[in-house]
Amino acid sequence: LEEDEGEESDRGYSGKVMMSSIRVTDEDTLRVVKEEAGFVRFEIERRLAKSLRLHGGLVKGSESLVGNVVSGNFYSAQPFGVIDGIDYCWTGFPRKVEVERIRQVHETHDIVLLTSLGVSPSGEIFNVNSEFLAASVAGAVSASKIVYFNVHGTLFQNKNTNKPVQNLRVSDAKNLLKHYNMKIHPKGFALVDLDGNSPQQQVLRTPGSMETLIKVGYSMVALEKGVKRAHILAPENGALVQELYTRDGCGTLISRDIYEGIRRADVNDVSGIYDLIDPLVRAGTLVPRPKSALEKEITGYYVYTRDGLIVATGQLKRFEGGFAEIGCLVVNKDYRKGGRGDAMLGYLERLSLQCGARKVFVLSTQTMDWFIERGFREVSVDSLPPSRQAMYNKKRKSKIYMKEIDGERDLDAAELWWSNQVSS
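Thoughts on the side chain of Asp269
So, step 1. For Asp269, the position within the fold is in the loop between β16 (262–264) and α9 (270–282).
So, step 2. Exposure remark for Asp269: the relative accessible area of 7% places this residue in the buried category.
So, step 3. With near-sequence residues (within four places) excluded, Asp269 lies in contact with Arg263, Val303 and Ile310.

Focus: the packing of helix α4 (residues 130–140) against helix α7 (residues 207–224)
So, step 1. For the pair α4 and α7, interaxial distance at closest approach is 8 Å and the crossing angle is 25 degrees. When the interaxial angle is binned, α4 and α7 end up roughly parallel. The crossing of α4 and α7 is right-handed. Contact residues: Glu131, Phe132 and Ala135 in α4; Lys215, Tyr218, Val221 and Ala222 in α7.
So, step 2. Within the contact of α4 with α7, the residues separate by chemical class into 5 nonpolar, no polar and 2 charged.

Notes on the packing of aromatic side chains
So, step 1. Enumeration over the complete set of coordinates arrives at 7 aromatic pairs.
So, step 2. An aromatic cluster is built from Phe80, Tyr88, Phe93 and Phe189, whose rings are joined through pairwise contacts.
So, step 3. The ring of Phe74 has Arg101 lying over it, and the distance from NZ or CZ to the ring centre is 4.8 Å.

Here's the deal with the layout of surface pockets
So, step 1. In this structure, the second largest pocket encloses a volume near 1,100 Å³.
So, step 2. Looking at the second largest pocket, it is lined by 44 residues, and the ones nearest its centre are Leu286, Gly327, Cys328, Leu329 and Leu363.
So, step 3. Ranked by residue count, the leading element in the lining of the second largest pocket is strand β19 (residues 323–331), at 7 residues.
So, step 4. Broken down by class, the residue content of the lining of the second largest pocket amounts to 21 nonpolar, 12 polar and 11 charged.

As for the pattern of salt bridges
So, step 1. Within the structure shown, the criterion is met by 15 salt bridges.
So, step 2. In this structure, Arg31 and Glu35 form a salt bridge, with 3.3 Å as the shortest nitrogen-oxygen distance. Highlighted residues: Arg31 and Glu35, both in helix α2 (residues 27–56), separated by 4 residues, approximately one helical turn.
So, step 3. Among the residues examined, Glu35 registers a relative accessible area of 46% and is labelled partly exposed.
So, step 4. Measuring nitrogen to oxygen at the nearest pair gives 3.2 Å for the salt bridge that ties Glu373 to Arg374.
So, step 5. Judged by relative accessible area, which is 14%, Arg374 ranks as buried.
So, step 6. One salt-bridge network, held together by shared partners, links Glu43, Arg46 and Arg47.

With respect to the nonpolar core
So, step 1. Ranked by size, the top nonpolar core spans 44 residues in total, and within it Val216 and Ile254 carry the most contacts.
So, step 2. Among the elements that line this core, the one with the most residues is α7, at 9 residues.
So, step 3. With near-sequence residues (within four places) excluded, Val216 lies in contact with Phe156, Ala173, Leu177, Ile232 and Ile254.
So, step 4. With 26 residues, the next largest nonpolar core counts Leu316, Ala357, Phe371 and Ile405 among its residues.

Remarks on the sheet that holds strand β11 (residues 167–169)
So, step 1. Reading across the sheet, the 4 strands line up as β10-β14-β15-β11 and stay open at both edges, with mixed pairing between neighbours. The sheet is open, and its two edges are formed by β10 (145–149) and β11, each paired on a single side. Here the average twist between neighbouring strands, direction ignored, is 20 degrees.
So, step 2. Packed on one face of the sheet, α7 meets β10, β14 (229–233) and β15 (252–255) and runs near 160 degrees to β14.

Reading guide: rules and limits
Residues numbered from 1 in each chain as written. Predicted model: local features only at pLDDT ≥ 70, side-chain atom pairs only at ≥ 80, totals over all residues. Heavy atoms only, no water. Helix = DSSP H or I, 4+ residues; strand = E, 2+ residues; numbered from the N terminus. Buried < 20%, exposed > 50% of the residue type's maximum accessible area, 1.4 Å probe, protein only. Contact = heavy atoms within 4.5 Å. Axes fitted to C-alpha atoms, helices over the stretch in contact; angles between N-to-C directions. Parallel < 35°, antiparallel > 145°, perpendicular 65-115°, else oblique. Left-handed = near helix turned anticlockwise from the far one by under 90°. Nonpolar A, V, L, I, M, F, W, Y, C, P; charged D, E, K, R; others polar. Phe/Tyr/Trp six-rings, centres within 6.5 Å; stacked < 30°, edge-to-face > 60°. Lys NZ or Arg CZ within 6 Å of the ring centre and 35° of its normal. 1 Å grid on protein atoms, 1.4 Å probe; cavity = no way out; pocket = protein on both sides within 12 Å on 5 of 7 lines; lining within 4 Å. Points joined across faces, edges and corners; volume = space filled by probe spheres on them. Salt bridge = Lys/Arg side-chain N within 4 Å of Asp/Glu carboxyl O. Core = buried A, V, L, I, M, F, W, Y, C linked by side-chain atoms within 4.5 Å. Pairing = 2+ DSSP bridges.

The values are spatial; any link to function lies outside them.
Here's what the structure looks like:
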């Protein structure tokens, strides 16, 4: 971070003292960047080739590797230009990502390796911010995940429990960046407000905190460009495997707010909910729910709205012993292919977990397979909490399906699965 450059280059941001990650790349600096980028590139290629040979295997009947490492001009860059009287010379930012070329490489099971050196159409080389480049490319190729390594290994901690915060929603991350008055410039550098001696600014002056917030900022860029999840990890042996392939992980996961549009219902939603569920009630799929009953229990209902129209609804009831029931899960027939049923189910499961209910169950007479595909298993009436057993309608003979949630990472994994199903 170059504080003196930031003060000069960012006077347009409310006149405050800003620290910026932008650097002037002169000829001497560009020469050093070329040398270092070349060294790092070949070192990574060497290690990846070794791993592919050891674990990826060879094409049958040949000495060719299954998968290779490919470098090249997979993106073009353009110069920063002159900002507030400062010529940033060979500092640049991504201009265009060659998406089809990258996909062609991926189709042959090869790995694309990019460096921070981007070439312009005129053949000039520019020094591009690596984190912003990663976010731009990940968004362009519609990546499911992007992973950033945090050199200092700094994590967020819950003040109340003193436990690491492993999950953040986009809305949470936005509020965090707003709290510390940090933003990512459209050209790819971080801007941090260092005006004053408030507690926020004191936190920012510690290298680990600053780096972590900047990584959150670039993660937000990636998510806003369409990436589903961003991971921030410490660069330790086994960290990547633990984060991606274990339930608890070891870093911070930031995921897109796919539940936007879902809220708790109020009395003004009674008619909309009634109209939505009435066709299923008349078909015998749902038990009758008159408007008076809906109004009485409205605080237990949640609705998914689009342009003021209720397109999905669901009910959550808590029971003793850490149980919760999800009922009346209905999606408008015109919106059933958009993943809204999964979003509503996931939202209610997260609410259950927050309320301390890890065992979630549903009663169904028609949609059993849908719940089985989402991790529910059939159980007997005896598995229900006693108070719910007493209310079970033996004449209707609904089947009971239950799911035990171990934690938010379980829900994250399920969420990634069904969001991929919707987009594929």
